[in-house]
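# Summary of the model geometry
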Amino acid sequence: MVFTCKHRDTTVDQLSNDSPISVHNKEKELLVLVWVWPFSEHFPLNTCQSVYGISGCKLTADRNLYNKADAVVMHHIDIMYDKRLLPQDPRPHYQRWIWFNMEPPLIAKNLHFLDNMFNMTMTFRQDSDVYRPYGRIEALKQPQNFTIPAKSKLVAWVVSQWYPGARRNEYYEELDKYIPIDVYGKNHMTLSWDDFCKTISQYKFYLAFENSIHKDYITEKFWHNAFESWAVPVVLGTSRKNYERFIPGDAFIHVDDFPSAKGLADYLLQLDNDDERYKKYFNWRSLYRVRRETGWDNHYCKACRGLRQAPDYQFIPSVEKWFLKGNNV
Ligand SMILES: *[C@@H]1O[C@H](CO)[C@@H](O)[C@H](O)[C@H]1NC(C)=O
Ligand SMILES: *[C@@H]1O[C@H](CO)[C@@H](O)[C@H](O)[C@H]1NC(C)=O
């Protein structure tokens, strides 16, 4: 396989190996209400069957159908500043409320609003009722040959938000003393989406630094920015053990593998001078490929599929307690 940069819109997960649940003829179609457009972004509501192979699901954004909906999906970021943004009408006895959130507690505020209201969770946490990772790797049917893109640069980082107090800021500043880092993003070098992969693929390493340390929180910084651009991810985030539940251990470098930023910098400089050793970080690519989980419609269709798999009756006394306990990584 020769490396080529994909346009980001082609990464929609269409060939999911999660087997679609075929619905028995007599089983009624489920109606899922999209309570708020996530981040005000509209998306097509008719793709569950045609794109994701999930039958028996109808999505709607029409709140007039609230009383008919089998489930209501609430995207946390869009309801978190006011409790009154949640449905106020009594719910039909069979209706389930699904909490949808892809952000860590640093960003997802007011979790106590959710007490005694929700029936299911849909998040990046693997122990959610509907698990929505940002990406995953998929085993290939047979090993493939591949070509590593030409590398002329060393370390890249793309950052748009500087969260005060985030561990990554401090770590970056320390690392920058020992190894040159090209920083892109707001207040730094500009990088357009169209050039993203072409530019980043020239780097040997990419700093996939998460804004938070949270169980299973491995975002597009890892899957898209590093993996899809074929730059070796240097990760700062949850523990190495947690990463290795999803990703081969020899596919990334973890900052915790080193006692200090200087130790990490020395190692990266060593790899820069040792092609054979550097290339070992790509060995996994003969056996796996990267699949990203993108598209809002994808998430909402999976919510609908999850409804069929979840128990008919269930409630979550404290979403907050469940979500925050996840820091035990
Ligand atoms: C991969 O490369 C090896 C060595 O060049 C070659 O023998 C093999 O046929 C190639 N496999 C595929 C699937 O192209
Ligand atoms: C959903 O959760 C609510 C609030 O805890 C509960 O009253 C309701 O019975 C649950 N419904 C189902 C179908 O699980």
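Refer to the structure presented above.
Heads up: these notes are all about the structure in this document. It should be emphasised that the depicted structure is a prediction, and the values quoted were computed from it without experimental measurement.

Analysis parameters
- Residues numbered from 1 in each chain as written.
- Chains lettered and ligands numbered in written order.
- Predicted model: local features only at pLDDT ≥ 70, side-chain atom pairs only at ≥ 80, totals over all residues.
- Heavy atoms only, no water.
- Salt bridge = Lys/Arg side-chain N within 4 Å of Asp/Glu carboxyl O.
- Helix = DSSP H or I, 4+ residues; strand = E, 2+ residues; numbered from the N terminus.
- Buried < 20%, exposed > 50% of the residue type's maximum accessible area, 1.4 Å probe, protein only.
- Near = heavy atom within 4 Å.
- Polar contact = N/O pair within 3.5 Å; in protein donor to acceptor, adjacent residues only side chain to side chain.
- Areas by Shrake-Rupley, 256 points an atom, 1.4 Å probe, with all protein chains shown as cover.
- Nonpolar A, V, L, I, M, F, W, Y, C, P; charged D, E, K, R; others polar.
- 1 Å grid on protein atoms, 1.4 Å probe; cavity = no way out; pocket = protein on both sides within 12 Å on 5 of 7 lines; lining within 4 Å.
- Points joined across faces, edges and corners; volume = space filled by probe spheres on them.
- Pairing = 2+ DSSP bridges.
- Core = buried A, V, L, I, M, F, W, Y, C linked by side-chain atoms within 4.5 Å.
- Domains from an automatic or database assignment.
- Contact = heavy atoms within 4.5 Å.

## Side note on the pattern of salt bridges
For the structure shown, the criterion picks out 19 salt bridges. Here Arg-136 and Glu-293 are joined by a salt bridge, their closest N and O atoms 2.8 Å apart. In this pair, Arg-136 sits in strand β7 (residues 135-139) while Glu-293 sits in the loop between β13 (288-292) and α7 (296-309), placing the two residues 157 residues apart along the sequence. By the burial criterion, Arg-136 is buried, and Glu-293 matches it.

## Section: the site of ligand 2
In the vicinity of ligand 2, the contacting residues are Arg-91, His-93, Tyr-94, Arg-96, Asn-116, Met-117, Asn-119, Asp-312, Tyr-313, Gln-314 and Phe-315. Between an oxygen atom of ligand 2 and a main-chain N or O atom of Gln-314, the distance comes to 3.0 Å. Out of a free accessible area of 360 Å², ligand 2 has 78% covered by protein chains. Considered class by class, the residues forming the shell around ligand 2 number four nonpolar, four polar and three charged.

## Concerning empty space enclosed by the protein
In the structure shown here, the tally under the stated rule is two cavities of 30 Å³ or more. Each pocket or cavity is described by its volume, and for the largest cavity that value is around 50 Å³. In this structure, the largest cavity is lined by Phe-124, Tyr-131, Pro-133, Tyr-134, Gly-135, Asp-216, Ile-218, Trp-223 and Phe-246. Estimates place the volume of the second largest cavity at around 30 Å³. Contributing to the lining of the second largest cavity are Phe-227, Ala-231, Val-232, Pro-233, Ala-251, Tyr-281, Phe-282, Trp-284 and Arg-285. Split by residue class, the lining of the second largest cavity holds eight nonpolar, no polar and one charged.

## Notes on the sheet that holds strand β4 (residues 96-101)
With parallel pairing, the six strands of this open sheet are ordered in space as β2-β1-β3-β4-β5-β6. Where the open sheet ends on each side, the last strands, each with one partner, are β2 (57-60) and β6 (130-131). Where strand β1 (residues 30-34) meets strand β3 (residues 71-75), three bridges bridge the pair, whose relative direction is parallel. Looking at the pairing, Val-32 lines up with Ala-71 of β3.

## Brief notes about the nonpolar core
Soluble, globular proteins show a tendency: their nonpolar side chains are buried together. If you look at the biggest cluster of nonpolar residues, it comprises 107 residues, and the most contacted ones within it are Phe-205, Phe-222, Ile-247 and Ile-253. Summarising the domain contributions, this core has at least three residues from each of domain 1 (26-132 + 295-324) and domain 2 (137-291). Residue contacts for Ile-247: discarding those within four places in its chain leaves Ile-218, Phe-222, Trp-223, Phe-227 and Phe-252.

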